[in-house]
Amino acid sequence: SAWSALFNFVTLDLVLVSDFVHATSKHRTSTWIFPLIAELLDWTANAACSLAMSGLVGPRVDMRTKIEAVTRLVAAARERAIQQKLLSVLSSSTGAAVTLAALLSDKDPSSVISEARRRFRCISWETLRSMPAIICASGTLDGQATASIAHLYALSEPCDLGVCDAFLSHSWHDEPGLKWAALWTWCEDFQTAHGRAPLLWLDKTCIDQNDIVADLACLPVFLAGCTTLLIISGTTYTSRLWCVMELFVFMTVRDAEEHAQSVTLIYAVQDLAQEHAVRRSWLEFTSADCKCFDPGDKQKIMEAISQSHGGMTEFDNQVKEMARIAELEMPDSDVVEL
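Residues numbered from 1 in each chain as written. Predicted model: local features only at pLDDT ≥ 70, side-chain atom pairs only at ≥ 80, totals over all residues. Heavy atoms only, no water.

Novice: Kindly report on the pairing of strand β5 (residues 226-233), identifying the contributing residues and their values.
Specialist: Extensive coverage of β5 is indicated by the burial of 7 of its 8 residues. For strand β3 (residues 164-170) and β5, the ladder comprises 6 bridges, and the chain directions are parallel. Considered in β5, the bridge of phenylalanine 167 is made with leucine 229. For β5 and strand β6 (residues 263-268), the ladder comprises 5 bridges, and the chain directions are parallel. Within β6, the residue paired with isoleucine 231 across the bridge is leucine 265. (Buried < 20%, exposed > 50% of the residue type's maximum accessible area, 1.4 Å probe, protein only. Helix = DSSP H or I, 4+ residues; strand = E, 2+ residues; numbered from the N terminus. Pairing = 2+ DSSP bridges.)

Structural data, given as structure tokens:
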């Protein structure tokens, strides 16, 4: 606004005058008045800056506007962090670089992030809560006709990177009722704790079914743009290659110290025997056994992993370790039984 511009100009003017007096005083060391004026102007400029930053002077801004401004700054910082992380990973010689490059189709990370910022969407639990059929309807995502689920895209809305609370990772081959129960519990607990419904990234509602390839190329950025990776694992999760790739990419683009707090693993099982089977599937994970709807996708990903440092064996070990860490953070309530 005009008031902001004027205030910033006056503050800058005080700083410039202060610098000028400092410089002048160096040539008149016998004159005591100039250093004193310089100190006074320094104090005035610092006080003016402090008052402006605290909001005590300058244009009046309501609290909601301030919160929105801070939210935008946080989102912008997260976007920069995501870009720097991707650039850092892709410039290294690690297996992660090869895997991410394959997922990004060897596109420039900066252009992918720019595109992902435009395409990133989320769905509120307030909307999803009343539509269990989105999760519980029979059939897998890759087996459904595009036209039959294209309308679900309108249920989601554009979202800034870093604002979405959870990337929902699950297998469409797992029992839908168990998954819905697990999701319901997590979302309701989140709402109780935070006083609002969580925002979710869900493939069925957040991928443009008319341009799937473009959204999949942005998947690493979508994963990094969510606060939490929410894994609802049934008996088939670890056998689905894209599910495990989501986990691997998420951990790759996050710093190591964030792992324990940024991955939530929930076992959606019917009984204790099934729980043990799911846990064993994680601890004995083998990528070669994973299945993928498109054989071409599996070949592409397997080639990328096998060419990386340590090959498939190292990748398998990383997944097992990720699961072990996530399970240590799992409270007993995160084992859902019906």
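Novice: Lay out the pattern of salt bridges with the relevant residues and their values.
Specialist: Under the criterion given, the structure shown has 10 salt bridges. A salt bridge links aspartate 165 to arginine 196; the nearest nitrogen and oxygen atoms lie 2.8 Å apart. Of this pair, aspartate 165 sits in strand β3 while arginine 196 sits in the loop between α9 (176-194) and β4 (199-201), and the two are 31 residues apart along the sequence. With relative accessibility at 7%, the residue aspartate 165 sits in the buried group. Residue glutamate 275 is joined to arginine 279 by a salt bridge in which the shortest nitrogen-to-oxygen separation is 3.1 Å. With glutamate 275 and arginine 279 both in helix α15 (residues 272-283), this residue pair falls 4 residues apart, about one helical turn. Arginine 279 gets classed as partly exposed once you look at its relative accessible area, which sits at 22%. (Salt bridge = Lys/Arg side-chain N within 4 Å of Asp/Glu carboxyl O.)

Novice: I'd like a description of the nonpolar core, backed by residues and values.
Specialist: One finds Trp201, Leu247 and Trp282 to be the most contacted residues of the largest nonpolar core, which totals 48 residues. With 9 residues, helix α13 (residues 241-252) is the single largest residue contributor to this core. The residues touching tryptophan 282, leaving out its near neighbours within four places in the chain, are Ile231, Ser233, Tyr237, Thr238, Leu247, Leu265, Tyr267, Val319, Lys320 and Ala323. Counting residues in each nonpolar core, the second largest holds 24 residues, with Trp125, Trp172, Trp180 and Leu200 among its members. (Core = buried A, V, L, I, M, F, W, Y, C linked by side-chain atoms within 4.5 Å. Contact = heavy atoms within 4.5 Å.)

Novice: Can you tell me about the environment of cysteine 122, naming the residues and giving the values?
Specialist: When you line up the elements, cysteine 122 lands in strand β1 (residues 121-124). For the pair cysteine 122 and serine 156, spaced 34 residues apart in the sequence, the C-alpha separation amounts to 5.3 Å. Leaving out residues up to four positions away in the same chain, cysteine 122 has contacts with Ser156, Glu157, Cys159, Cys164, Leu199, Leu200 and Cys206.

Novice: Can you break down the packing of α15 against helix α17 (residues 311-328) residue by residue, with the values?
Specialist: Remark: α15 packs on α17, axes separated minimally by 8 Å, with the N-to-C direction vectors making an angle of 135°. Considering the angle they form, α15 stands oblique to α17. Contacts between α15 and α17 involve Arg279, Trp282 and Leu283 on the former and, on the latter, Val319, Lys320, Ala323 and Glu327. Class assignment for the residues of the contact of α15 with α17 results in 4 nonpolar, no polar and 3 charged. (Axes fitted to C-alpha atoms, helices over the stretch in contact; angles between N-to-C directions. Parallel < 35°, antiparallel > 145°, perpendicular 65-115°, else oblique. Nonpolar A, V, L, I, M, F, W, Y, C, P; charged D, E, K, R; others polar.)

Novice: Describe the packing of helix α16 (residues 295-307) against α17, listing the residues and the values that go with them.
Specialist: In the contact formed by α16 and α17, the axes pass within 6 Å of each other and the chain directions differ by 95°. What the angle tells us is that α16 and α17 run roughly perpendicular. Counted together, Met302, Ile305 and Ser306 of α16 and Gly311, Met312 and Phe315 of α17 form the full contact between these two elements. Each residue belonging to the contact of α16 with α17 can be placed in one class, and the counts come to 4 nonpolar, 2 polar and no charged.

Novice: I'd like a description of the confidence of the model for the chain, backed by residues and values.
Specialist: Across the chain, pLDDT averages 75, with 62% of residues at or above 70. Helix α1 (residues 2-26) is the least confidently modelled element of the chain, averaging 45 in pLDDT, while β4 averages 97, the highest of any element. Segment residues 1-31 is flagged for pLDDT under 50; beyond a separation of four residues in sequence, or across chains, it makes 28 contacts in the model. (pLDDT = per-residue confidence, 0-100.)

Novice: Run through the packing of aromatic side chains, naming residues and quoting values.
Specialist: Taken as a whole and assessed by the stated rule, the structure comprises 9 aromatic pairs. When the ring of tryptophan 125 is compared with that of tryptophan 180, the centres are 5.4 Å apart and the planes differ by 40°; the resulting orientation is tilted. With tryptophan 125 in helix α6 (residues 125-128) and tryptophan 180 in helix α9, this residue pair connects regions lying 55 residues apart in the sequence. Looking at tryptophan 125, the relative accessible area reads 0%, which means it is buried. Judged by centre distance (6.0 Å) and plane angle (40°), the rings of tryptophan 201 and phenylalanine 222 are tilted. Note that tryptophan 201 is positioned in strand β4 and phenylalanine 222 in helix α12 (residues 219-224), a separation of 21 residues in sequence. Note on phenylalanine 222: relative accessible area 0%, which makes it buried. In this structure an aromatic cluster arises from ring pairing among Phe120, Phe167, Trp201 and Phe222. (Phe/Tyr/Trp six-rings, centres within 6.5 Å; stacked < 30°, edge-to-face > 60°.)

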